[in-house]
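# Structure assessment
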Amino acid sequence: MKAYSLFSLARNAMSYHRNWQRVWRSPDPKKSYDVVIIGGGGHGLATAYYLATQCGVNNVAVLEKGWLGGGNTGRNTTIVRSNYLLDASAGIYEHAVKLWEGLSQELNYNVMFSQRGLLHLAHSVHDMQEIGRRGNAIYLNGIDSEFLTPQQVKEMLPIINLNCRYPVMGGLLQKRGGTARHDAVAWGYARGADAAGVDIIQNCEVTGIRVDNNKVVGVDTSRGYIGARKVGAVAAGNSSVIAEMAGFKLPLESYPLQALVSEPVKPIIDCVVMSNGIHVYVSQSDKGELVVGSGSDAYNSYSQRGSFDLIEHTVGPLCELFPLFSRLRMLRQWAGIVDVTVDRSPIMSKSPVENLYFNCGWGTGGFKATPGSGHAFAHSIANSEMNEIAAPFSIDRFNSGALIDEGAAAAVAH
Amino acid sequence: MFIIDCPYCGKRDQTEFSCHGEAHIARPTDTQNLTDEQWGEYVFFRSNTKGLHRERWVHTHGCRRWFNALRNTVTDEIFATYRVGEVPPGAAESQP
Amino acid sequence: MTQAQRLDSGGLIDRSKPLRFTFDGKPYTGYAGDTLASALLANGVRLLGRSFKYHRPRGLIAAGSEEPNALVQLEEGAYTEPNTRATSVELYDGLVATSQNRWPSLEFDVGAVNSALSRFLPAGFYYKTFMWPASMWMTYEKFIRKAAGLGVSPTEPDPDVYHSTYAHCDVLVIGAGPAGLAAAAAAATSDARVMLVDEQSVPGGATTGRTLSDAYTQWFEQSVSQLHNNDNVTFLPRTTLTGYFDYNYLTAVEKITDHLGPGRGADKPRQRFWKIRAKQVIIAAGSIERPLVFADNDRPGVMLANAVDTYINRYGVLPGNDIAVFTNNDSAYLTALNASANGAKVTMVDTRKSVNAGLTSACEDAGIKVFTGHAITSVQGAKGVSSVRIMPLSDDSKSVAGQAWEIKCQIVANSGGWTPSAHMFSQSGGKLRYDNAIHGFVPDMSKAKSINPNVSAGACNGSFSTAKCLQEGSQAGVAAAAACGYQSTPGALPAVEEDGLGGIEAMWLVPTVHPVGEGSAKHFHDFQNDVTAADIHLAAREGFLSVEHLKRYTTTGMATDQGKTSNLNALAIMADIRGAQIPEVGTTTFRPPFTPLTFGAIGGQESGELFIQERHTPMHGCHVQSGAVFEDVGDWKRPWYYPKAGEDMHAAVQRESLAVRQSVGMLDASTLGKIDIQGRDAAAFLEMIYTNNWKNLGVGRCRYGLMLNEHGMIFDDGVTTRLADDHFHMTTTTGGAARVLGWLEEWLQTEWPEMQVYCTSVTEQWAVAALNGPRARELLQSVTDIDCSAEAFPFMSMREGKVAGIPARVFRISFTGELAYEINVPARYGRQLWQALQQAGKAHSLCLYGTETMHVIRAEKGFIIVGQDTDGTVTPLDMDMDWIVSKTKPDFIGKRSFVRSDTNRQGRPQFVGLLTKDPQVVLPEGAHIVAEVKDAPPMKTLGHVTSSYMSPNAERSIALALLNNGLQRKGDTVTIRLMNGDVVDAIVTDPVFIDKEGVRVRG
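Quick notes on the rules
Residues numbered from 1 in each chain as written. Chains lettered and ligands numbered in written order. Predicted model: local features only at pLDDT ≥ 70, side-chain atom pairs only at ≥ 80, totals over all residues. Heavy atoms only, no water. Pairing = 2+ DSSP bridges. Helix = DSSP H or I, 4+ residues; strand = E, 2+ residues; numbered from the N terminus. Axes fitted to C-alpha atoms, helices over the stretch in contact; angles between N-to-C directions. Contact = heavy atoms within 4.5 Å. Expected span 1.5 Å × (residues − 1). Buried < 20%, exposed > 50% of the residue type's maximum accessible area, 1.4 Å probe, protein only. Buried area = accessible area lost by both parts, 1.4 Å probe. Salt bridge = Lys/Arg side-chain N within 4 Å of Asp/Glu carboxyl O. Polar contact = N/O pair within 3.5 Å; in protein donor to acceptor, adjacent residues only side chain to side chain. Nonpolar A, V, L, I, M, F, W, Y, C, P; charged D, E, K, R; others polar. pLDDT = per-residue confidence, 0-100. Phe/Tyr/Trp six-rings, centres within 6.5 Å; stacked < 30°, edge-to-face > 60°. Lys NZ or Arg CZ within 6 Å of the ring centre and 35° of its normal. Left-handed = near helix turned anticlockwise from the far one by under 90°. Core = buried A, V, L, I, M, F, W, Y, C linked by side-chain atoms within 4.5 Å. Domains from an automatic or database assignment.

Residues and elements named next belong to chain C. Here 5 strands make up an open sheet; going across it, the order is E34-E35-E36-E33-E37 and the pairing antiparallel. Each of the sheet's edge strands pairs with one partner strand only, and the pair in question is strand E34 (702-708) and strand E37 (758-761). For this sheet, the mean angle separating the axes of adjacent strands, direction not counted, is 25 degrees. Relative to strand E36 (residues 727-732), strand E35 (residues 714-724) is paired through 4 bridges, and the arrangement is antiparallel. Looking at E36, one finds that Arg722 is bridged to Phe728. In the packing of helix H19 (residues 682-689) onto the sheet, the strands contacted are strand E33 (673-678), E34, E35 and E36, and the crossing angle to E36 comes to about 30 degrees. Helix H20 (residues 737-751) contacts E33, E34, E35, E36 and E37 of the sheet and is inclined by roughly 25 degrees relative to E33.

Following this line, the structure appears as structure tokens:
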């Protein structure tokens, strides 16, 4: 792999950019691999990258049915944070943030991780209690966490309407939170994994999981059978489909989740704002677009289309909290398919089939975990045992009751 | 934005309804005799079908009645709606 | 300034109505009927903006909503609007527009240094740089952000109002060009309800301002007038169809007052958002001409050929006096002849070697020199075209060689062919197919989505001639009406001369003397985002081969025009590089909205007063009069506390809390959820819903219940009363009312439909005043005919009677641990009851209290608040409430989950009281108990404070907490580490701090 740098850019400019290498090869699949990763999104590519670069497992293929990063990796609102309540969540998400902090250098690919701060707003006494508890928990987990008064919120966000329908009573700030460039994460990991010998195979859809004596032996694909000693399924919204091929169910449902962006404008909002109270999730991209998270429909769907009323119910609150956005315009709206568990926490786990591992259930918040998820999953697959960070996210928790219920902990008004 | 044919009211806009997941999952009657795995299966595990999915809807802003629908989760085409207790209509002719 | 480029006659403008406007502070004049773009062009202004990345000088490309370059900052102050397409702004008097993305001025822009450095800034350069040192990214990013972003956001709230509306129709027609008009006219001859929307201010589409034939003119005028006068037809001009969603749900935005100017709409909304359900949709959206991709094709003055036509025909503006027309197809010959006829000196450059002789001879007759088999290889003039150089193309058209010619011109009118506007068909879920005859994607009706019945007619279907448009439109109109069950009788269509695309030979990338990417010239396909053919080559070289990777890596098609003019060129260039067919590269996804959509129009109505309406109890007015401060609880406004003069919240709450326990307090409890439950099996049902026993509850008796979900976790609580054998009155938490009703219905209707139980929400039917305190009985007795003696009306029972003359149900239940009555009256009497009790209460030292005092005094008794002391992860056992869990019932919802390995493990969080060693210290809610205090985190936590107050009745601070294994730790000292570094010691206690024996409540 030829390193990227200002000098390489200048050198290549002299030769009219004719000598840049392919960012990843496009090999034909081999007969078999030590590890086959199903799904060429951020999590799958990161898993392959860490397998090859840290775990000594280089005979790896990533099988992607479409194009790399074409699922939720390229459809999310790019928010990165680790301000979670529960220890297990803090474990994985903070692990991820620490990896994010050096990721551009690690990958020699600028993923534009921008720690511009992430602000959760509280709009009621109940919200204040929720951020009070969470803020303390985050702090004691060794993660940065700060309470803001409404006046401090106003200083950070001069354009906010503090006195909205549910007036802003306070805020919880994670300064190390922010955003990253979503496509770059997929491409950067792909480039790194490829350089370490991983075969990245696009347009290769897995159509079956071959199991012998309750042990995975390979996968059938649109490009033929590929043998595998171990298989890691990192298929997000399509995880249940993979599980069904292997003969079991997962505690997952796939829902449409929508998002939208505005036309680009000069910098107007400098941090990520999240308001669970009135449902506003907004940041501004480097290009200048307001990136706005919408809601998820409650019906199962694989269509990557959501209901338009959710867009209306996203834009209304946006204009309520930031009345001056009313004259800006929506440029694009789209939907992804999110795989959601009952406790809104992911699954990183062994499965009922030996040597078949699942990494899924990231729901609406998977992007932020990408490096941590890939790292923990790679080490777990390599050692045939879930590591300390991944272990709490076992499928078994749905039988034992040891849920990691961030959702319940944050919700429920009295 | 679906149009949903409520078996009690007729065709209405999706915004009048809410969806509550997979249908035809009966609550076990002998709960105390189940293993944790059997109980967990009932409470948490779902088919999450890609294709024809039988699911529960309620006409929240209407008659408040629950009913079932047969919908293709890939195309979002709703092939049928039917009342709770009714046998799901055969969908062989409408396989995706 | 004179309108030098304005023709003496022609066009749909009104030369008797001059309109003044300014651009970058300079005054100009245009006419009514102009757009900002046409008025600027009439004044000879060709430099309108700077591009996004390289800050190259840019002018108009198009005349319609596909315009990528001419974005302006419209108006100033609160009315300002960034990134507004000059081609879509109807001119009004006093209009103020400013150019964007330049500093300090449009003429001299410092950012243009990027253009000089462009060689070092290829597609995706930012992924390869700005990484060292790591700490510098945020600094680099600050500059990148400042440089990006186009226009500026308003900084004041939007002064305009918006409106949205639903509409239903049989046939929706998108586009009022010849095809759309013919479709609507045909459908409207039946009884079908027809809607016709068009983004322009006048109908006509591509024919606007053109004279096709007398017959056409007559047909057009008659059709438009009939449609306007037909009550079955809703004809909406200035209305852009923005999105096509499933089950034929479409959205459109109608500009109502934009064309009048800011603040001049009187009482009308600025825009109206239409949400339309159509049984049948006819897409007649026309097509978009695409530019040829040639060297420096972005110079101001390089325009689409049809734009030149439109400016002449519709606006009476000749864009330039010397015009070079550059084409690979026949349609641009009409432009050449038109421009020539209107006085321009025209030169024709055609990439094709052989051209229809009729066209060339027509040109020769008009004095137009035609160069066939030639290409423009360079364009001179940085801030406005001054000349072009042309050279003969090689046999395979892949290179140029031979005699070069220099042609002086100010305008290059170019046409690379026409791309059908298949946006709406694609948004509807249909797939496109590539049509080699026209070199464009057209709807593939065999791959339409069945739930979205639609048909495409005219140019958006690849049928470019007006005659074909009329024919397809009319047929579509008849068919759509028929599909809705209506018979139409369309009139005859007018005869028109053959026009349209004619012949075309693909030419996706026009060669120059240099290979692509070398030399100084740039071949743009995406103008706004500055994406060039060289960028596509780079993307291909680096492996970004799929169309989506191409888009994301180079940003082609991602600008505010969403690639309307660029997408196909990009695909084709990539296909050429890959040696693939265009459809193999893929088609881009057309995402809504069609053109950028004002946020205010989508959601404007749902903000401010109409955001989420406040819910008020019947007594709300009384609380306002009493000076209450309100708390948002769900959508309700509840009195939080009632401060007296000079009191802060703390003082008011301390006073109220004392008063409740010393005399009597009154709380508005109307917001509590109330559900009327009737039916033969009501008691059996409650046995399953609640954890405790209900069959044995006597009529007239009340009982507290906990509801669990199937995980075994508490999710609501409340007191339920048996009104009759088969009749219960259930109460729920305020926030949980709707959820609980849904929960009950879910079980009844889906799991136990055999049960005869009927649930009705009566939350808003009853107003509730809760009297709490030792003097509650004497106060109540003074206004009621119910015998309130302890014997006649015991704790946990209900009596009916009259209170203050109002029929009432009185429940003797308590959330304070005091003698208490909750008086329920029909909601319409709520205010009367409250006032009567306030009046009568004067003799009994009645004190009004709000939710904060309610919270304090219930905490003194250790009563939980679901959602504050519980969080959806605790069982009744965790809450030390095993007394409420039946040991005898075989089953209830959630029971089975208790015996799961994690749910019955040791060490779970359990509910306890905490007393700080220093009684004056009030712990912050949410503070955590740590296993061991360290200088700095991380520290292992054991639990957290759920409720914490200064209790005037306990005369010290009190707190409730969830603490791991807490029930076994009573008497232990635990340590709370606060975020400010403070460490607080507290003793673990029973959560009941007052009247542990529960004497007062039974008094």
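The structure having been displayed, the exposition proceeds.
Quick look at H20 of chain C now. Residues and elements named next belong to chain C. For H20, with 15 residues, the first-to-last C-alpha span of 21 Å sits near the 21 Å given by 1.5 Å per residue. Buried residues dominate H20, accounting for 12 of its 15 residues. Among the residues of H20, Ala737, Val740, Leu741, Trp743, Leu744, Glu745, Glu746, Trp747, Leu748, Gln749, Thr750 and Glu751 are the ones counted as buried.

What follows is about the interface of chain B and chain A. Across the contact, 23 residues belong to chain B and 26 residues belong to chain A. Taken together, the two surfaces of chain B and chain A that pack against each other cover about 2,100 Å², and 53% of this comes from carbon and sulfur. Inspection of the chain B/chain A interface yields 1 salt bridge. The salt bridge involving Glu41 of chain B is made with Lys249 of chain A; its shortest N-O contact spans 3.6 Å. Summed over the shared surface of chain B and chain A, the number is 12 residue pairs in polar contact (both at pLDDT 80 or more). Elements supplying a minimum of two residues to the side of chain B that touches chain A: strand E3 (18-22), helix H1 (36-44) and strand E4 (52-58) of chain B. Per-element accounting of the side of chain B that touches chain A gives the leading share, 5 residues, to H1 of chain B. Across the side of chain B that touches chain A, the residue classes break down as 7 nonpolar, 9 polar and 7 charged.

This next bit is on the interface of chain A and chain C. Chain A puts 108 residues into the contact, and the matching count from chain C is 131 residues. For the pair chain A and chain C, the summed buried area comes to about 10,300 Å², and 57% of that belongs to carbon and sulfur atoms. Applying the counting rule to chain A against chain C returns 11 salt bridges. One salt bridge in this structure joins Asp160 of chain C and Arg327 of chain A, with 2.7 Å as the shortest N-O distance. The tally of links from chain A across to chain C stands at 60 residue pairs in polar contact (both at pLDDT 80 or more). Among the residues making up the side of chain A that touches chain C, the classes are represented as 53 nonpolar, 33 polar and 22 charged. Bridge analysis of strand E16 (residues 329-340) of chain A against strand E29 (residues 597-598) of chain C gives 2 bridges, and the strand direction is antiparallel. When the bridges of E29 of chain C are listed, Arg329 of chain A appears paired with Thr598 of chain C.

Bringing the environment of His844 of chain C into the picture now. Residue and element names in this part refer to chain C. Positionally, His844 belongs in the loop between helix H22 (830-841) and strand E42 (846-848). Each C-alpha atom of the pair His844 and His729 lies 30 Å from the other, and the pair is 115 residues apart in sequence. With residues up to four places along the chain from it excluded, the contact list for His844 reads Ser663, Val664, Arg775, Glu778, Leu779 and Ser782.

This next bit is on the side chain of Ser307 of chain A. With respect to the helices and strands, Ser307 of chain A occurs in the loop between strand E15 (290-296) and helix H9 (308-321). Those residues in contact with Ser307 of chain A that sit more than four places away from it in its chain are Gln258, Asp297 and Tyr299 of chain A together with Met1 and Gln14 of chain B.

With that out of the way, let us pick up the sheet that holds strand E46 (residues 956-964) of chain C. Residues and elements named next belong to chain C. Taken together, the 6 strands give a closed barrel; going around it, the order is E43-E46-E45-E44-E47-E48, and neighbouring strands pair in antiparallel fashion. Averaged over all pairs of adjacent strands, the angle between their axes in this sheet comes to 45 degrees, without regard to strand direction. Pairing of strand E47 (residues 973-977) with strand E48 (residues 983-989) involves 5 bridges; the strand directions are antiparallel. Counted as the bridge partner of Thr973 is Ile987 from E48.

Attention now goes to the confidence of the model for chain B. Averaged over chain B, the pLDDT score is 92; the fraction of residues at 70 or greater is 93%. Reported confidence for the predicted complex is 0.97 by ipTM and 0.96 by pTM.

This paragraph deals with the packing of aromatic side chains. If you walk through the whole model with that rule in mind, you get 52 aromatic pairs over all chains. Seen from their ring centres, Phe371 of chain C and Trp405 of chain C are 5.5 Å apart, and the 55 degrees between their planes marks the pair as tilted. With Phe371 of chain C in strand E18 (residues 369-372) and Trp405 of chain C in strand E21 (residues 405-408), this residue pair connects regions lying 34 residues apart in the sequence. Classification of Phe371 of chain C as buried rests on a relative accessible area of 7%. What makes Trp405 of chain C partly exposed here is its relative accessible area of 39%. One cation-aromatic arrangement involves Arg65 of chain B over Tyr8 of chain B; the distance from NZ or CZ to the ring centre is 4.1 Å. Sitting above the plane of the Trp20 of chain A ring, Lys128 of chain C keeps its charged end 3.7 Å from the centroid.

Residues and elements named next belong to chain C. Its place among the elements puts His374 in strand E19 (residues 374-380). For His374, a relative accessible area of 11% gives the class buried. Here Thr372 takes part through its backbone oxygen, which lies 2.8 Å from a polar atom of the side chain of His374. Leave out the neighbours within four places in its chain, and His374 touches Phe326, Val349, Asp350, Thr351, Ile390, Met391, Pro392, Leu393 and Trp405.

Our focus in this paragraph is the packing of helix H5 (residues 178-187) of chain C against helix H11 (residues 466-483) of chain C. All names here are of chain C. Orientation of H5 relative to H11, taken along the N-to-C sense of each, is 30 degrees, at an axis distance of 7 Å. The crossing of H5 and H11 is right-handed. Judged by residue contacts, Pro178, Ala179, Ala182, Ala183, Ala186 and Ala187 of H5 engage Thr466, Cys469, Leu470, Gly473, Ser474, Gly477, Val478 and Ala481 from H11. Of the residues that constitute the contact of H5 with H11, the class distribution is 10 nonpolar, 4 polar and no charged.

Time to look at the nonpolar core. Of all hydrophobic cores here, the largest spans 168 residues; its most connected members are Trp100 of chain A together with Leu36, Leu172, Tyr311 and Ile323 of chain C. When we break this core down by domain, the ones giving at least three residues each are domain 1 (14-125) and domain 2 (163-287 + 420-483) of chain C. Look past the residues within four positions of Leu36 of chain C in its chain and what remains in contact with it is Phe21, Val72, Ala86, Val89, Leu91, Leu95 and Ala97 of chain C. Counting residues in hydrophobic clusters, the runner-up holds 62 residues, among them Ala61 and Phe358 of chain A, Tyr42 of chain B together with Ile689 of chain C.

On inspection of all chains with the given rule, the structure shows 80 salt bridges over all chains. Its salt-bridge partner being Asp36 of chain B, residue Arg896 of chain C comes within 2.8 Å of it at the nearest N-O pair. One end of the pair, Arg896 of chain C, is in the loop between helix H23 (851-860) and strand E43 (909-916); the other, Asp36 of chain B, is in helix H1, on a second chain. Grouping residues by exposure puts Arg896 of chain C and Asp36 of chain B together as buried. Measuring nitrogen to oxygen at the nearest pair gives 3.0 Å for the salt bridge that ties Arg352 of chain C to Asp350 of chain C. Relative accessible area serves as the criterion here: at 4%, Arg352 of chain C is assigned to the buried category. Under the relative-accessibility criterion, Asp350 of chain C is labelled buried at 0%. One connected set of salt bridges, linked through shared partners, spans Arg56, Arg58, Asp296, Asp298, Arg299 and Asp530 of chain C.

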